[in-house]
Each structure stands twice: as C-alpha cells, then as structure tokens.
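An overview of the molecular structure
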Amino acid sequence: MPSAADVLSGVNLYFRLLLLTLRLRRAPRVSLWSETRTPFRVWPTDLDPLLHMNNARYLGLMDLARTDLTVRSGYMQEVTRRGWYPVVGAQTITYKRSLKLWQRFVVTTRVLGFDERAAYMQQEFRRGGKLIARAVVQARFLKRSGGTVSTAELLEASGDAPADIELPSWVADWAASVRISSSES
C-alpha cells in the first residue's frame, strides 16, 4: 500500500503536468535545437525533512521541462505519430544550492547531441540567474511495435537538425562510463 507521501508526490507531478499542458496551449513554438525555460515554484509537497526541495523532485521536474521542449517544438507530436516514445536510459545531476519553500525557479533544457544509441540533453535549475543544479540526461526512443529508434530516424524526424551537431566529448565519455553491458544481469 502506498504511503500518503507517495500519493501526494504523484498528485503533485500530475497537477504540475496539467498546469504545463494548459501553459503549452498558449506558449510560442520553439525549435528543438533552442533552449527552453520552464518556470516552477517550490511547493510544500516538494520538501524533504530538512525543508529544502527533495533531490528526487528535481528528476520529476526535469521530465516536465523536457516535455515543454519536445511539445513546443512539435517533436513529441511527430514521434508519437510515428509510434515512438522516449525513455530515460541514464542521468546524472549535480546540486550546487538548495531550493526552499515558495521560491520560484526555472529549468532550462537543451539538446546536446546524439550518439549511435541515444539523444542527450542538458538541464539546469536556475533561480535569479544563479545555478542551483545541472543534469545530463540520456534518452532512448523505443518503437511501440518493438525495437529502438535509430539516431538517423530521430534526426530525420526533427526535420531541421543542424548540420554541425556534435555530441561533446565529455558527454560521450560519461555515457560510456555509465553504460551497462548486455552481459550484465
């Protein structure tokens, strides 16, 4: 049986998803290759016992901020039309400062690039221009019919990928270091 905290946590993210969906109806369209800024505020249900935003909440808000970029760019609609869906394969986050009750902040999201297996995004939490936390997310796209979407297919679906997009070497190194081989169980 889920605890009351688990239920509140789930309700919190679904309510925020509803608010984001309403905001997206009037938000300007962006390029998949631009940086988006998704605004949030720390709610009481975001807090841990030390009265700052719980580290797990950051990951859920990153999901919503990625949704902001992919929906506003039209990319999510295109991949859905093709029968694909994204999943997080790996992520890392580094915290610099705390967020406290009622503070406003933004999550910036941008595509870093692709390798032969996945797409990579950088997301930053900022408050008043100050960096709060930075994360790198590796996403794979899967086909509802089974299998993985290739990088070539992902780039073709974007319609306007920059010709010079190249995954930073530090991201490629990170991806290689966190990869779980198929022989591990």
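Look up a bit, the structure's there.
Residues numbered from 1 in each chain as written. Predicted model: local features only at pLDDT ≥ 70, side-chain atom pairs only at ≥ 80, totals over all residues. Heavy atoms only, no water.

**Considering the overall build of the chain**
Counting its secondary structure elements, the chain contains five helices and five strands. For the chain, the sequential pattern of α-helices and β-strands runs α-β-α-α-β-β-β-β-α-α. A globule of 185 residues ought to have a C-alpha radius of gyration of about 16 Å, and the chain, at 17 Å, matches this closely. Along the longest, intermediate and shortest principal axes, the C-alpha atoms of the chain span 45 × 45 × 40 Å. The buried share among the 185 residues of the chain stands at 39%. Restricting to contacts in the chain with at least 6 residues of sequence separation, those with at least 24 account for 74%. (Helix = DSSP H or I, 4+ residues; strand = E, 2+ residues; numbered from the N terminus. Rg over C-alpha atoms; globule rule 2.2 N^0.38 Å. Buried < 20%, exposed > 50% of the residue type's maximum accessible area, 1.4 Å probe, protein only. Contact = heavy atoms within 4.5 Å.)

**So, the pattern of salt bridges**
All told, the structure shown has 11 salt bridges when counted by the stated rule. For R72, the salt bridge goes to D68, with nearest N and O atoms at 3.5 Å. Note that R72 and D68 are positioned in helix α2 (residues 55–72) at a spacing of four residues, about one turn of the helix. D68 shares its class with R72; the two are buried. Among the salt bridges present, the one from R134 reaches E124, with a minimum N-O distance of 2.7 Å. (Salt bridge = Lys/Arg side-chain N within 4 Å of Asp/Glu carboxyl O.)

**Points about a nonpolar patch on the surface**
Judged by side-chain polarity, F15, L18, L19 and L22 come together as a nonpolar surface patch covering roughly 330 Å² of accessible area. The topology assignment puts L22 in helix α1 (residues 4–24). Looking at L22, the relative accessible area reads 39%, which means it is partly exposed. (Patch = residues over 30% accessible without salt bridge, like charges linked within 9 Å, V, L, I, M, F, W, Y side chains within 5 Å. Areas by Shrake-Rupley, 256 points an atom, 1.4 Å probe, with all protein chains shown as cover.)

**Points about the sheet that holds strand β2 (residues 84–95)**
Spatial strand order, β1-β3-β4-β5-β2: five strands in an open sheet with antiparallel pairing. Each of the sheet's edge strands pairs with one partner strand only, and the pair in question is β1 (36–41) and β2. Ignoring strand direction, the axes of neighbouring strands in this sheet form an average angle of 25°. Helix-sheet contacts for α2 involve β1, β2, β3 (104–114), β4 (119–127) and β5 (130–143), and the interaxial angle to β1 is about 140°. (Pairing = 2+ DSSP bridges. Axes fitted to C-alpha atoms, helices over the stretch in contact; angles between N-to-C directions.)

**Concerning the layout of surface pockets**
Considered as a void within the structure, the largest pocket measures approximately 440 Å³ in volume. Residue lining of the largest pocket: 23 residues in total, with D63, R66, T67, M76 and P86 positioned closest to the centre. At six residues, α2 tops the list of elements feeding residues into the lining of the largest pocket. When its residues are assigned to classes, the lining of the largest pocket shows 17 nonpolar, four polar and two charged. In this model, the second largest pocket occupies a volume close to 230 Å³. (1 Å grid on protein atoms, 1.4 Å probe; cavity = no way out; pocket = protein on both sides within 12 Å on 5 of 7 lines; lining within 4 Å. Points joined across faces, edges and corners; volume = space filled by probe spheres on them. Nonpolar A, V, L, I, M, F, W, Y, C, P; charged D, E, K, R; others polar.)

**Some words on unusual backbone geometry**
Phi is positive for L51, which is not a glycine, with a value near 65°. Relative to the assigned elements, L51 resides in the loop between β1 and α2. Backbone geometry places W102, a non-glycine residue, at a positive phi of 70°. Along the polypeptide, W102 turns up in the loop between β2 and β3. The exposure class of W102 is partly exposed, given its relative accessible area of 47%.

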